[in-house]
Amino acid sequence: MAGADISLPLAISSGDPAGVGPEIIGKAWEARKKQKLKSFFAIGDIASFAHHWDGPVVRIDNPDQAAERFDDALPVFHVHDCASIIPGTPDLDGAHCALQALELATGFARSGTVAGLVTGPVSKAQLYAIGFNYPGQTEFVAERCGVERRNAVMMLAGPDLRVVPMTTHIPLASVASQLDVRLIRRRIRATAKGLARDFGIANPRLALAGFNPHAGESGNLGREEIDIFAPAIASIADEGFNVIGPLPADTMFHTEARRNFDAALCAYHDQALIPLKTLYFHEAVNITLGLPVIRTSPDHGTAFGIAGKNEARPDSMIAAIKMAGEAVANRKAFAEAAACPA
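The notes below deal with the structure included here. This structure is a prediction, so every number in the text was calculated from the model and none was measured. (Residues numbered from 1 in each chain as written. Predicted model: local features only at pLDDT ≥ 70, side-chain atom pairs only at ≥ 80, totals over all residues. Heavy atoms only, no water.)

Time to look at the overall build of the chain. Helix and strand counts for the chain come out as 12 helices and 12 strands. Radius of gyration (C-alpha) of the chain: 20 Å, near the 20 Å computed for a compact globule of 342 residues. Projected onto its principal axes, the C-alpha positions of the chain cover 60 × 50 × 35 Å. Burial analysis of the chain (342 residues in total) assigns 54% to the buried set. (Helix = DSSP H or I, 4+ residues; strand = E, 2+ residues; numbered from the N terminus. Rg over C-alpha atoms; globule rule 2.2 N^0.38 Å. Buried < 20%, exposed > 50% of the residue type's maximum accessible area, 1.4 Å probe, protein only.)

Here is the structure:
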């Protein structure tokens, strides 16, 4: 696969227009020079930005216009006229806008019209009410890209910690039944390849967190580490992947321990996200591995409670834009190295 065109802008779907998406996109644009952000444009209802942010906005009709307008105003590709926008009060009209923006941003990325996409926060409840039948935006983007849901891997990343939950939005009581050697091997492959392609880490070091307290204590507190985790690591070692574990999850995230791996694979959602959000609540980024396109997202929701109050922090959106831009450059270098190996 050819590397992404680094000259192209990023597309940002603005998310629910009643949430903080338009505000944090606008504030990210304000920080574009200080943060050295790659050029981008937003997709959504252009009127929604005036309800959340008082900065300059310019309507564009083609992604090609984004770069030339980016220095002077936030470029917005308008997709849907919302009848009424009340910050903090979501409705079905806003859900339609959010879905159209996501669909168009994904289409632009698939066609190579943009370098990658950043997805703004959406209300799943509102999307489900209009017929959206995906667990989240990750699965939607994966399907549109022709990738099976199980092969699209969610990674959450902060300045010095990256985590991958091997199971995601399922009840904790269901996790044990979902863990098997095949799943762990798939997640290891996708994580290692994603780190090489999108982060420029040639030989990534992975750590696998145990499922049970103290990683099972030699089977005395559970046998998943013995019967599933250890065989998965042993069987994939022949493929050249550098994986340690299973490790006790309560001791692998302190400062010294984090220096021993480039990403941690965790058994379930909270095992991965609690350490990440404790350390980097305002800076965490959701990046999807295993896709033919680059997709990142701020790691927070719509924050309806503070929408329209000028209280939303743009840190995670800025980090998501920055990470997408870095992934564009890393993916291009990866493709060039693969085409012309030393």
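Next, the rest of the story.
Moving on, we get to the layout of surface pockets. Reported here for the largest pocket is a volume of approximately 870 Å³. As for the largest pocket, its lining consists of 37 residues, and the residues nearest its centre are Thr138, Glu139, Met154, Thr168 and His169. Secondary-structure elements contributing two or more residues to the lining of the largest pocket are helix H6 (137-144), strand E6 (153-158), helix H7 (175-178), helix H8 (181-199), helix H11 (269-280) and strand E12 (295-298). Grouping the amino acids of the lining of the largest pocket by side-chain chemistry returns 12 nonpolar, 15 polar and 10 charged. Taken together, 17 residues form the lining of the second largest pocket, with Pro159, Ala319, Lys322, Met323 and Glu326 sitting closest to its centre. (1 Å grid on protein atoms, 1.4 Å probe; cavity = no way out; pocket = protein on both sides within 12 Å on 5 of 7 lines; lining within 4 Å. Points joined across faces, edges and corners; volume = space filled by probe spheres on them. Nonpolar A, V, L, I, M, F, W, Y, C, P; charged D, E, K, R; others polar.)

Take Asp299: it is sitting in the loop between E12 and helix H12 (315-339). When residues no more than four places from it in sequence are discounted, the contact partners of Asp299 are Leu156, Leu276, Lys277, Ala284, Val285, Asn286 and Ser316. (Contact = heavy atoms within 4.5 Å.)

The next point concerns H11. A rise of 1.5 Å per residue sets the reference length of H11, with its 12 residues, at 16 Å; its end C-alpha atoms lie 16 Å apart and thus fit the reference within 8%. Elements in contact with the buried residues of H11: E6, strand E7 (161-165), strand E8 (205-209), helix H10 (255-258) and strand E10 (263-266). (Expected span 1.5 Å × (residues − 1).)

Let us now look at the pattern of salt bridges. Counted under the stated rule, the structure contains 13 salt bridges. For Arg144, the salt bridge identified is with Glu143, shortest N-O distance 3.7 Å. The class of Arg144 is partly exposed, set by a relative accessible area of 26%. We classify Glu143 as partly exposed; its relative accessible area is 40%. Between Arg223 and Asp227 there is a salt bridge, with the nearest N and O atoms lying 3.0 Å from each other. Ionic contacts of the salt-bridge type, sharing partners, join the residues Glu103, Glu143 and Arg144 into one network. (Salt bridge = Lys/Arg side-chain N within 4 Å of Asp/Glu carboxyl O.)

With that settled, the discussion passes to the sheet that holds strand E4 (residues 74-78). Spatially, E3-E4-E2-E1-E5-E12-E11-E6-E7-E10-E8-E9 is the arrangement adopted by the 12 strands of the open sheet, whose pairing is mixed. Unpaired on one side and paired on the other, strand E3 (57-60) and strand E9 (242-247) mark the two borders of the sheet. Strand-to-strand twist in this sheet, taken as the mean axis angle between neighbours without regard to direction, amounts to 30°. In the sheet, strand E1 (residues 10-13) pairs with strand E5 (residues 116-119) via 4 bridges, with the strands oriented parallel. (Pairing = 2+ DSSP bridges. Axes fitted to C-alpha atoms, helices over the stretch in contact; angles between N-to-C directions.)

Turning to empty space enclosed by the protein, a few remarks are in order. Rolled over the atoms, a probe as big as a water molecule pinpoints where empty space is left. According to the stated counting rule, one finds 1 cavity of 30 Å³ or more in the structure shown. In this structure, the largest cavity occupies an estimated 50 Å³ of space. In terms of lining, the largest cavity is formed by Asp16, Pro17, Ala18, Cys82, Ser84, Ile85, Ile86, Thr89, Pro90, Asp91 and Gly94.

A word on the nonpolar core. If you look at the biggest cluster of nonpolar residues, it comprises 62 residues, and the most contacted ones within it are Phe40, Phe229 and Ile321. Counting residues per element, this core draws most heavily on H12, which supplies 9 residues. In this structure, Phe41, Tyr134, Phe140 and Ala152 belong to the second largest nonpolar core, which totals 27 residues. (Core = buried A, V, L, I, M, F, W, Y, C linked by side-chain atoms within 4.5 Å.)

Our focus in this paragraph is the packing of helix H1 (residues 21-30) against H12. Running from amino to carboxyl end, H1 crosses H12 at an angle of 65°, the nearest separation of the two axes being 8 Å. Once H1 is placed against H12, the crossing between them reads as right-handed. Every residue of H12 that contacts H1 at Ile24, Ile25 and Ala28 is listed here: Met317, Ile318 and Ile321. Its residues placed into classes, the contact of H1 with H12 shows 6 nonpolar, no polar and no charged. (Left-handed = near helix turned anticlockwise from the far one by under 90°.)

All right, on to the packing of H8 against helix H9 (residues 224-236) then. At a closest axis distance of 9 Å, the pairing of H8 and H9 adopts a crossing angle of 50°. On the basis of their axis angle, the class for H8 and H9 is oblique. Considering only the axes of H8 and H9, their crossing is right-handed. On H9, the residues touching Val181, Ile184, Arg185, Ile188 and Arg189 of H8 are Ile228, Phe229, Pro231, Ala232, Ser235 and Ile236. Across the contact of H8 with H9, the residue classes break down as 8 nonpolar, 1 polar and 2 charged. (Parallel < 35°, antiparallel > 145°, perpendicular 65-115°, else oblique.)

What follows is about unusual backbone geometry. A cis amide bond links Gly245 to the next residue, Pro246, at an omega of 0°. One can find Pro246 in strand E9. Phi is positive for Ala303, which is not a glycine, with a value near 50°. Inspection of the secondary structure puts Ala303 in the loop between E12 and H12. On the basis of relative accessibility, which here comes to 33%, the residue Ala303 falls in the partly exposed class.

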